[in-house]
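Spelled out, the chains give:
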Amino acid sequence: GEQVEARVKVERAKKKLDLLFPQPEPQPALRVRRGCLAGTGICFISHRGEVFPCGYLPIKAGDVRRLQFGTIWETAPIFADLRDPDRLMGKCGACEYKEVCGGCRARAFGQTGHYLNEEPFCNYLPPGFSGSSRGSGCSSSADPTK
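Here's a quick rundown of the structure.

1. Topic: the overall build of the protein
So, step 1. On a plain count of helices and strands, the protein comes out with 5 helices and 3 strands.
So, step 2. Ordered by position from N to C terminus, the α and β elements of the protein give α-β-β-β-α-α-α-α.
So, step 3. With 146 residues in all, the protein has 34% of them scored as buried.
So, step 4. The contacts in the protein between residues at least 6 apart in sequence include a share of 53% that link residues at least 24 apart.
So, step 5. A total of about 9,900 Å² of accessible surface is found on the protein, and carbon and sulfur atoms cover 56% of it.

Right, here's the structure in full:
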């Protein structure tokens, strides 16, 4: 009787909600990074409005006093570099775990001078990898000196 009628009403309401407010498809697990989140899930904004990928990576992505944060977040070349694991160099670029790890971009910058170089403190050696990216050129769109 009444319970069945109530369940039917709830199910109809759920269907209407799903039509009015469709939920986005869940992202594949590999798209979720668990390692370095610099510029992919977090950033740092200084007291002067300068935007950096993280508090440890001193490469300016923009300035919220001159440009809206959303524009900086979506268009800064350094953020584009950090969000594309295929731009990583050295061991990190060859690593099968680069989608979920990414190494620490601040340590790479501090030790090698470029944030896309391999993570200097990672002991893992990807299968088939030989060589190092340190000192090599980089095709990234962001200038690490600015």
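2. Description of the side chain of lysine 91
So, step 1. Among the structural elements, lysine 91 can be located in helix α4 (residues 90-94).
So, step 2. Glutamate 118 provides the closest opposite charge to the buried, salt-bridge-free lysine 91, at an N-O distance of 4.9 Å.
So, step 3. Of the polar contacts made by the side chain of lysine 91, one reaches the backbone oxygen of tyrosine 124; its length is 3.2 Å.
So, step 4. Those residues within four positions of lysine 91 in sequence are excluded, and the remaining contacts are Glu118, Cys122, Asn123, Tyr124, Leu125, Pro126 and Phe129.

3. Brief notes about the state of the cysteines
So, step 1. Evaluation of the coordinates by the stated rule reveals 0 disulfides.
So, step 2. For cysteine 95, which is in no disulfide, the shortest distance to another cysteine sulfur is to cysteine 122 and amounts to 6.5 Å.
So, step 3. Just so you know, cysteine 101 is unpaired, no disulfide at all, and the nearest cysteine sulfur is the one on cysteine 122, 6.4 Å from it.

4. Points about the environment of glycine 102
So, step 1. Mapped onto the elements, glycine 102 comes out in the loop between α4 and α5 (105-112).
So, step 2. The spatial distance from the C-alpha of glycine 102 to the C-alpha of leucine 37 is 8.5 Å, given a sequence separation of 65 residues.

5. Focus on the nonpolar core
So, step 1. Counting residues in hydrophobic clusters, the biggest one holds 19 residues, and the most contacted among them are Leu57, Ala61, Ile78, Phe79 and Tyr115.
So, step 2. Mapped by element, the contributors of at least two residues to this core are α3 (77-82) and α5.
So, step 3. Among the elements that line this core, the one with the most residues is α3, at 3 residues.

6. Quick notes on the pattern of salt bridges
So, step 1. Scanning all chains against the criterion turns up 7 salt bridges.
So, step 2. The residue arginine 87 makes a salt bridge to aspartate 81 at a minimum N-O spacing of 2.4 Å.
So, step 3. Its relative accessible area of 0% is what places aspartate 81 among the buried residues.
So, step 4. Across the pair arginine 107 and glutamate 119 runs a salt bridge, and its minimum N-O distance is 2.9 Å. Of this pair, arginine 107 sits in helix α5 while glutamate 119 sits in the segment after α5, and the two are 12 residues apart along the sequence.
So, step 5. A relative accessible area of 5% places glutamate 119 in the buried class.
So, step 6. Salt bridges sharing partners connect three or more residues here, namely Asp63, Arg65 and Arg66.

Criteria and thresholds
Residues numbered from 1 in each chain as written. Predicted model: local features only at pLDDT ≥ 70, side-chain atom pairs only at ≥ 80, totals over all residues. Heavy atoms only, no water. Helix = DSSP H or I, 4+ residues; strand = E, 2+ residues; numbered from the N terminus. Buried < 20%, exposed > 50% of the residue type's maximum accessible area, 1.4 Å probe, protein only. Contact = heavy atoms within 4.5 Å. Areas by Shrake-Rupley, 256 points an atom, 1.4 Å probe, with all protein chains shown as cover. Lys, Arg positive; Asp, Glu negative; His and termini not counted. Salt bridge = Lys/Arg side-chain N within 4 Å of Asp/Glu carboxyl O. Polar contact = N/O pair within 3.5 Å; in protein donor to acceptor, adjacent residues only side chain to side chain. Disulfide = S-S within 2.5 Å. Core = buried A, V, L, I, M, F, W, Y, C linked by side-chain atoms within 4.5 Å.

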